[in-house]
Amino acid sequence: MKRIEHIIGGEHTSGESTRTGAIFNPATGEQTGEVVLASEADVNAVVATAKKAFESWSSVPPAKRAQVMFAFKGLLEKRADDIASAISAEHGKTHPDALGEVARALEVVEFACGIPHLLKGEFSRNVGTAVDACADRHALGVVAGITPFNFPTMVPLWMIPMAISCGNTFILKPSERDPSAANLIVELLHEAGLPKGVCNVLHGDKVAVDGLLHHPDVQAISFVGSTPIAEYVYKTGTANGKRVQALGGAKNHMIVMPDADIDQAVDALMGAGYGAAGERCMAVSVAVPVGEETADRLVKALAPKVAALKIGPSTDSDADMGPVITQAHKDKVLGYIDAGIKEGADLVVDGRGFTLQGYENGYFVGGTLFDRVTPDMSIYKDEIFGPVLSVVRAESYDVAVDLINKHEYGNGTAIFTRDGDAARNFIDRIQVGMVGVNVPIPVPVGYHSFGGWKRSIFGSHGIYGPEAVHFYTKLKTVTMRWPTGIRAGAEFNFPSNG
Ligand code: NAD
């Protein structure tokens, strides 16, 4: 059985940890390893290491930091297959899906390669007579990232490249359910020439998170995970004087207009609803066909495809999706399907009985489709995070928009239509942070920024892209008067630009 340790100052170590967490293969239900869980002493050790490394790393020229990113990009490309295998072994997603995750992570590394340009300051000559002003951005110090299980490579790499390129030092606290990919990434960063101590991995659970949230030498926290924990991290971190961005859960709706190409909409819903077994924060979990006729056509076309989903372990190259992450999560998803039936939704395809020969102990749930779901049902209100798609029939476009705008989450949404006017109106009115027009999973590219609205985010900054430069730096503005001023004698009036 493998044992996953922290990486502190470039060294693999168990530190003072006496507790461990089990790592499972979700396809078989077998334990494949254990991960050390940090103690308070480990938090102190990793923060001290990162603080020390900040002294030199923060003054390394941005162009030299960019060189590390260039080398890292090459290594990620070369090792993409190994990283994808490490992800799939613990997460359960298919190998091509895991490769897709690595490809999206690479975009952020590529963006970070341009850090000298991104950190360029502003200069204004003669803001007053013989007075000049300049502004530039400075690293914060030690920053930490706390990440979820569902993208064990992509989400850490939404944070690390930008944070360290900006001159900060970093502590990653990955999900304890699939911790191996994090170590692989940080090993590759060291191979790329990153000085030891600049990027560290602290494995753990609530003890590690709370230690980071309360440590006075941690300047900022980036969090991605479920909404209750995001809110807790935001409130606790900010109460301790830290800058916090905390991205939470989602319930993403896709409107299907009467003029949409139904085949395209169905393909989009299959990928966005069931890919990665629905364990994506940008998964579409609610389809909103407009009009009864659209709804009938949509459900009729969806049902056979959902029933025919190919489900298997990540090693099966034909599989469309794999298992969910744990037995507890499987039970939770099955519980929601039971609740949906009790609450009166029409169960069109039932995934509860699914089993796979040879993988009877795996955490598989079959693709599930509900029709005639209504906004009062728990399967509509809650994020299920499983392969369960709900169809909510809307009598008009306005009702569909209103439905989305009233939901507590506002991460992603999409509209499928051939009508530019409807699409434009949707873009204007919808209260959601990431919007797709005939694109079901509108995850922004690496040079834009990612972030939802409402209870899908806490804090004022989206993650990666230009927003990351602002989140991971603080502004310094200098006003300079040359060459007279002091030499001409003291001034007692409030300075003006005269
Ligand atoms: P989670 O909230 O359970 O865990 C996220 C992190 O918080 C992990 O590192 C975990 O160790 C830590 N944690 C868990 N419980 C804690 C506690 N009580 N106190 C302190 N720390 C705690 O989330 P998850 O199940 O790993 O991931 C799935 C969730 O993440 C879903 O809700 C999904 O929508 C969300 N997510 C959101 C985005 C986004 O960008 N908005 C992206 C990916 C995932």
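Residues numbered from 1 in each chain as written. Predicted model: local features only at pLDDT ≥ 70, side-chain atom pairs only at ≥ 80, totals over all residues. Heavy atoms only, no water.

The name given to the protein in an unreviewed UniProt entry is methylmalonate-semialdehyde dehydrogenase (CoA acylating), with the source organism recorded as Thalassospira mesophila.

Chemist: Explain the sheet that holds strand β19 (residues 412-416) here, please?
Modeler: Backbone-to-backbone hydrogen bonds pair the strands of a sheet. The strands run either parallel or antiparallel. Spatial strand order, β15-β16-β17-β14-β13-β19-β20: 7 strands in an open sheet with mixed pairing. Strand pairing shows two members of the sheet lacking a second neighbour, β15 (346-349) and β20 (434-437), which therefore form its edges. Sheet twist, expressed as the average angle between the axes of neighbouring strands with direction ignored, equals 20°. (Pairing = 2+ DSSP bridges. Helix = DSSP H or I, 4+ residues; strand = E, 2+ residues; numbered from the N terminus. Axes fitted to C-alpha atoms, helices over the stretch in contact; angles between N-to-C directions.)

Chemist: In this structure, what is going on with the site of the ligand? I would like to understand it.
Modeler: Close to the ligand lie 26 residues, the nearest being K173, E176, S226, G248 and E383. F149 places a main-chain nitrogen or oxygen 3.0 Å from an oxygen atom of the ligand. Tallied by class, the residues present in the shell around the ligand amount to 13 nonpolar, 8 polar and 5 charged. (Near = heavy atom within 4 Å. Polar contact = N/O pair within 3.5 Å; in protein donor to acceptor, adjacent residues only side chain to side chain. Nonpolar A, V, L, I, M, F, W, Y, C, P; charged D, E, K, R; others polar.)

Chemist: Just to check I follow, could you spell out helix α3 (residues 80-91) for this structure?
Modeler: Residues separated by three or four positions in an α-helix point in the same direction, a consequence of the helix having 3.6 residues per turn. With 12 residues, α3 extends 16 Å from end C-alpha to end C-alpha; this agrees with the ideal 16 Å at 1.5 Å per step. Of the residues making up α3, those classed as buried are A80, I83, A84, A86, I87, S88, E90 and H91. Note on α3: the residue one or two positions beyond its end, G92, has a positive phi of about 100°. (Expected span 1.5 Å × (residues − 1). Buried < 20%, exposed > 50% of the residue type's maximum accessible area, 1.4 Å probe, protein only.)

Chemist: Just checking my understanding: could you explain the packing of aromatic side chains for this structure?
Modeler: Each aromatic ring pair is characterised by the separation of its centres together with the angle its planes make. Per the counting criterion, the structure on display carries 8 aromatic pairs. Residues F149 and F385 carry aromatic rings whose centres are separated by 5.9 Å and whose planes lie at 90° to one another, so their mutual orientation is edge-to-face. Placement of the pair is F149 in the loop between β8 (142-146) and α6 (154-165) and F385 in the loop between α13 (378-381) and β17 (388-391), with a sequence separation of 236 residues. By relative accessible area, F385 is classed as buried at 15%. Between Y234 and F458 the ring centres are 6.3 Å apart and the planes differ by 35°, which places this aromatic pair in the tilted class. Remark: F458 occurs in strand β22 (residues 457-458) and Y234 occurs in helix α9 (residues 227-239); sequence separation between them is 224 residues. Here a set of aromatic residues connected by ring pairs shows up, and it is made of W158, F450 and Y464. (Phe/Tyr/Trp six-rings, centres within 6.5 Å; stacked < 30°, edge-to-face > 60°.)

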